[in-house]
Amino acid sequence: MKFPRSIGTVLATVMLSFSLHATAAEDPVMDPELRSKGRRAADYGMHYLRQNQAEDGSWSKSVGITALALRAFLESHRGYSTQDGAFITRPIAFLLANVKKDGAISESLQNTNYNTSAAIAGLVAAQRPEHEEVIRNAQNFLKGHQIDEAEGYAPDHAYYGGIGYGGDERPDLSNMYMAIEALSASKLAADDPTWAKALTFIQRSQNRSESNDQPWAANDGGFTYMPGWSPHGGSGSYGGMTHAGLFSLMMSGVAKSDARVKAAFDWVRANYTVDENPGAKNNDGLFYYYNAFAKSLYVYGEKEIEDSKGMRHNWRNDLVAKLLSMQAKDGSWVNPYSKQWGEGDKNLVTAWAVIALNLATRVPPDSH
Amino acid sequence: MSSPDPLPSKASSGRRGPGVMGFLWRLLLLIALAETSLFALMSPLGRVPAAAMRLSLAAITLFIAFLLVPSLHRERDGLPAGVLVAWSAASAAAVLLLLAINGRNTLELAATLPAAIAVFAAMLALCGAVAALATLGMGLHRTHRIVLIAGLLSGAAPLWLGPLAATWAIAPEVTVRLSLLSYLAGMVDYDVLRDQWFYQRTPLGGMRYSYPPALVTTLLLAAAGIGGLLAAARRDRMRRGEGVRPFRFLFPLHEESAR
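Residues numbered from 1 in each chain as written. Chains lettered and ligands numbered in written order. Predicted model: local features only at pLDDT ≥ 70, side-chain atom pairs only at ≥ 80, totals over all residues. Heavy atoms only, no water.

**Comments concerning the side chain of A:Asn317**
All names here are of chain A.
Part 1 of the argument: For Asn 317, the position within the fold is in helix H12 (residues 315-326).
Part 2 of the argument: Residue class for Asn 317 comes out buried when judged on its relative accessible area of 17%.
Part 3 of the argument: Aside from chain neighbours lying at most four places away, what touches Asn 317 is Met 30, Asp 31 and Leu 34. (Helix = DSSP H or I, 4+ residues; strand = E, 2+ residues; numbered from the N terminus. Buried < 20%, exposed > 50% of the residue type's maximum accessible area, 1.4 Å probe, protein only. Contact = heavy atoms within 4.5 Å.)

So this is what it looks like as structure tokens:
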């Protein structure tokens, strides 16, 4: 029996729509339409970055920003690699051209730890065996810059275990978190003493007096910029640092069930928002917050967050929708409220936004 | 110099100038004051990074050395350029000596030498500014005070210009490069703007900036200093007929007694 062609078309359409509906209903972590839009927004962001890449492959003449932008490409849903051409290989060459004798990867003397941390993460994402030695040397450089007995600091000093920008010895949780991400990405052995010392500093940046021996410590579970001081006043907790702290705790091997992680997550629940960097003045560091928010919640592994009023939020949907609403027509992002911490630089902010979108729209391996 | 200022009594009385002994006494006083100030500043801070120590020493020495410039007491004779250059060199030597006394970096010449060079260049620039401005007829003492205040304002530029840099009314680079302290910090390889005290008081620490290029800035400062001294010498030579003694490049410590 011959099937009428029109009926076949209708049946095919119905089957296709059923299959799409089934896929949508089964998407374990986020709204599939938002995922699709989020990936398209990441594409636009990467398009902006390509348009603004310098001839030598760098962005903003900075190792740190170049490494972040490189990572945005390499970790995207497009799965870019060194096989894809000069827009990937040139930034890698730029990073390698800035490798110093002591292992640092930096174009300047005052941001050596920050730049080296970002460069390690970028080179690890490139997954090339020929970079292993550079990565190992850079890892040793970071370990060498951790504040400890070698610099004359005793374990009871508030700086102990911390890592700062690199041009001075003042450590802070922001640089610490960048370094921890790099050390973790480059697979520093779990029994390396660097982790234990790092944990000392991390918990001294947390407002939790049970685990923080500093006299200023409050008890909301959030994190501040460095022991006893926040750029937003006093030593109060704020969004960017609390997500950086939560991420740092988990990457340092602290279990999700640990009281310090629970306290940090409770702060996140109580201050859940994507409309601002909670606790920060003038929305300073807003995109740093989005970036750290995506990283920490991806690693934390919960699909939804129940805030302290009992409202449930799908963080992926919320973050993607917010970033979509803030993207400029040329595909870039910039902090419209504050230029502090480099957030007037479209290359940096776009790289952060794309990395956040990559994480938010990625299907976690254990979600099926 | 044709200064309308009433001169200090000892200068106008025709007394001998500071002489070699006066020069040495000032140098010793400079070292003692710088060392005392350093310890007074550092002791409550506990352990201080070596680069921070170099920076503090260089800044304190520069400040005290400029306060004690010997030629200010020889105003009637004009500014002896030789004394100023020698004093700049002595200030640089004092930095090296102080670092050695502190027991740190004694063998790290590569680390301590830039601190001394920076003090030499900055001191020369400050002296050159005094010499050049003094030719405008303001008098050495007044000019010295003006340059001192300008130097202090320049050193503190990150604090008072930092908020403007945060709003991009002026570029962070401009603010950083206007500061003598930033220059010294760049020379000793210490990111002073991200030091805890500065980081907590100026928004510059959270921005992208770079310190003034060491070699170029050193040459510019030295050139500005020499230029200022030359300008003063030329002016004095032109006004010799008015009874103003010419600006000299010899070491004129005993010249007065020979007159």
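There is more to say, and it comes next.
**Thoughts on empty space enclosed by the protein**
Part 1 of the argument: Summed over the entire model, instances satisfying the criterion amount to five cavities of 30 Å³ or more.
Part 2 of the argument: Size it by volume and the largest cavity reaches roughly 380 Å³.
Part 3 of the argument: Together, 24 residues line the largest cavity, and A:Tyr114, A:Tyr165, A:Trp341, A:Trp352 and B:Gly206 are the ones closest to its centre.
Part 4 of the argument: Elements with a contribution of two residues or more to the lining of the largest cavity: helix H5 (112-126), helix H7 (173-185), helix H9 (239-251) and helix H13 (346-361) of chain A.
Part 5 of the argument: The class makeup of the residues in the lining of the largest cavity is 12 nonpolar, 10 polar and two charged. (1 Å grid on protein atoms, 1.4 Å probe; cavity = no way out; pocket = protein on both sides within 12 Å on 5 of 7 lines; lining within 4 Å. Points joined across faces, edges and corners; volume = space filled by probe spheres on them. Nonpolar A, V, L, I, M, F, W, Y, C, P; charged D, E, K, R; others polar.)

**What about the pattern of salt bridges?**
All names here are of chain A.
Part 1 of the argument: The full count for this structure, using the stated rule, is 22 salt bridges over all chains.
Part 2 of the argument: Residue Glu 302 pairs with Lys 256 through a salt bridge whose shortest N-O separation is 2.9 Å. On the criterion of sequence distance, the pair formed by Glu 302 in the loop between helix H11 (286-300) and strand E1 (304-306) and Lys 256 in the loop between H9 and helix H10 (259-270) is long-range, its members being 46 residues apart.
Part 3 of the argument: Classification of Glu 302 as partly exposed rests on a relative accessible area of 35%. (Salt bridge = Lys/Arg side-chain N within 4 Å of Asp/Glu carboxyl O.)

**Description of the packing of aromatic side chains**
Part 1 of the argument: Using the criterion set out here, one finds 21 aromatic pairs over all chains in the structure.
Part 2 of the argument: Judged by centre distance (4.0 Å) and plane angle (10 degrees), the ring pair of A:Phe265 and A:Tyr300 falls under stacked. One end of the pair, A:Phe265, is in helix H10; the other, A:Tyr300, is in helix H11, with 35 residues separating them in the sequence. A:Tyr300 shares its class with A:Phe265; the two are buried.
Part 3 of the argument: Between A:Tyr289 and A:Phe293 the ring centres are 5.7 Å apart and the planes differ by 65 degrees, which places this aromatic pair in the edge-to-face class. Placement of the pair is A:Tyr289 and A:Phe293 together in helix H11, with a separation of four residues, close to one helical turn. Exposure class is identical for A:Tyr289 and A:Phe293. Each is buried.
Part 4 of the argument: By way of ring pairs, the aromatic residues A:Tyr272, A:Phe287, A:Tyr289, A:Tyr290, A:Phe293 and A:Trp315 are connected into one cluster.
Part 5 of the argument: One Lys or Arg, A:Arg50, reaches over the ring of A:Phe87 and ends 4.0 Å from the middle of that ring.
Part 6 of the argument: Above the face of the A:Tyr165 ring, B:Arg194 is positioned so that its terminal group lies 3.9 Å from the ring centre. (Phe/Tyr/Trp six-rings, centres within 6.5 Å; stacked < 30°, edge-to-face > 60°. Lys NZ or Arg CZ within 6 Å of the ring centre and 35° of its normal.)

**Some points on the confidence of the model for chain B**
Residues and elements named next belong to chain B.
Part 1 of the argument: Chain-level pLDDT for chain B is 78 on average; 76% of the residues reach the 70-or-more range.
Part 2 of the argument: Per-element confidence in chain B ranges from a low mean pLDDT of 38 for helix H1 (residues 9-12) to a high of 93 for helix H9 (residues 180-188).
Part 3 of the argument: When the criterion is pLDDT under 50, residues 1-16 qualifies, and its contacts beyond four places in sequence or with other chains add up to 37 contacts.
Part 4 of the argument: Counting interchain partners and residues more than four positions distant, the pLDDT-below-50 stretch residues 246-259 has 46 contacts. (pLDDT = per-residue confidence, 0-100.)

**A closer look at the layout of surface pockets**
In this approach a probe as big as a water molecule rolls over the atoms, and the regions it shows empty are the leftover space.
All names here are of chain A.
Part 1 of the argument: Taken as a whole, the second largest pocket holds about 720 Å³ of empty space.
Part 2 of the argument: Surrounding the second largest pocket, 26 residues form its lining, Glu 75, Val 124, Ala 125, Gln 127 and Ala 185 being those nearest its centre.
Part 3 of the argument: For the lining of the second largest pocket, the secondary-structure elements that each account for two or more residues are helix H3 (63-74), H5, helix H6 (132-144), H7, H9 and H11.
Part 4 of the argument: Per element, the largest residue contribution to the lining of the second largest pocket is five residues, and it comes from H5.
Part 5 of the argument: Grouping the constituent residues of the lining of the second largest pocket by class yields 14 nonpolar, four polar and eight charged.

**Focus on the interface of chain A and chain B**
Part 1 of the argument: The interface is formed by 25 residues belonging to chain A together with 20 residues belonging to chain B.
Part 2 of the argument: Interface area for chain A against chain B, summed over the two sides, is near 1,800 Å², with a carbon-plus-sulfur share of 47%.
Part 3 of the argument: For the pair chain A and chain B, the number of links is one salt bridge.
Part 4 of the argument: A salt bridge links A:Glu107 to B:Arg208; the nearest nitrogen and oxygen atoms lie 3.9 Å apart. (Buried area = accessible area lost by both parts, 1.4 Å probe.)

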